[in-house]
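Fold and geometry: a report
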Amino acid sequence: MELRSVEELMDLLYACRGERSAAEHGSGSADLHGHALRTAALLRRRRPADKELQVAGLVSPVGRLLWPGSHAGRTADVVRPLLGSRVARLLRRHAHPDAWAHDDDLVSLRQADEEARTTVFDAGVLEDWRTVLELTAARNSRLGAVE
């Protein structure tokens, strides 16, 4: 599977609504859609200029929806053509705790992911993220044309 448009990605993210996944570390279950919005919102507050990091937090549940169980590598492969290698790298390495120690981006992503599991706040709606996804995809397509 390969995502070819932001619209396809938005459809997948909307499909996460109401889907539950056993949260890592046995801490209960989390609504994938709400968790994604809270993770991205926390990253937006902490690192407002880093849109790719925010997008990585937003799209991380796509793999749990499509492939319950082991999903980080598959999610990275699915979003790479649309959102770029940095977003894919963050998603792939997010699942490996040994990678976090030397990467501030991964530490931020992991902290936001964990906090989004337990903190409840109004994180807005998915449509608020469409422009950020479109800008990230457009930037990636321009860079991809050069590479």
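Here we summarise the structure given alongside this text. Model, not experiment: these values are computed from the prediction. (Residues numbered from 1 in each chain as written. Predicted model: local features only at pLDDT ≥ 70, side-chain atom pairs only at ≥ 80, totals over all residues. Heavy atoms only, no water.)

Further remarks concern the nonpolar core. Counting 41 residues, the largest nonpolar core has Leu9, Leu13, Leu58, Val59, Leu83, Val87 and Leu133 as the members making the most contacts within it. The element contributing the most residues to this core is helix 2 (residues 32-46), with six residues. Once residues within four sequence positions are removed from consideration, Val87 is found in contact with Glu52, Val55, Ala56, Val59 and Val79. (Core = buried A, V, L, I, M, F, W, Y, C linked by side-chain atoms within 4.5 Å. Buried < 20%, exposed > 50% of the residue type's maximum accessible area, 1.4 Å probe, protein only. Helix = DSSP H or I, 4+ residues; strand = E, 2+ residues; numbered from the N terminus. Contact = heavy atoms within 4.5 Å.)

Glancing now at the pattern of salt bridges. In total, this model carries 17 salt bridges according to the counting rule given. Arg86 serves as the salt-bridge partner of Asp105, at 2.8 Å between the closest nitrogen and oxygen. In this pair, Asp105 sits in helix 8 (residues 104-118) while Arg86 sits in helix 6 (residues 85-94), placing the two residues 19 residues apart along the sequence. Classification of Asp105 by relative accessible area gives buried; the value is 14%. (Salt bridge = Lys/Arg side-chain N within 4 Å of Asp/Glu carboxyl O.)

Let's shift gears to the environment of Val6. With respect to the helices and strands, the residue Val6 is situated in helix 1 (residues 6-15). In sequence terms Val6 and Glu134 are 128 residues apart; their C-alpha atoms lie 6.2 Å from each other. Not counting residues up to four positions away in its chain, the partners in contact with Val6 are Leu82, Arg130, Leu133, Glu134 and Ala137.

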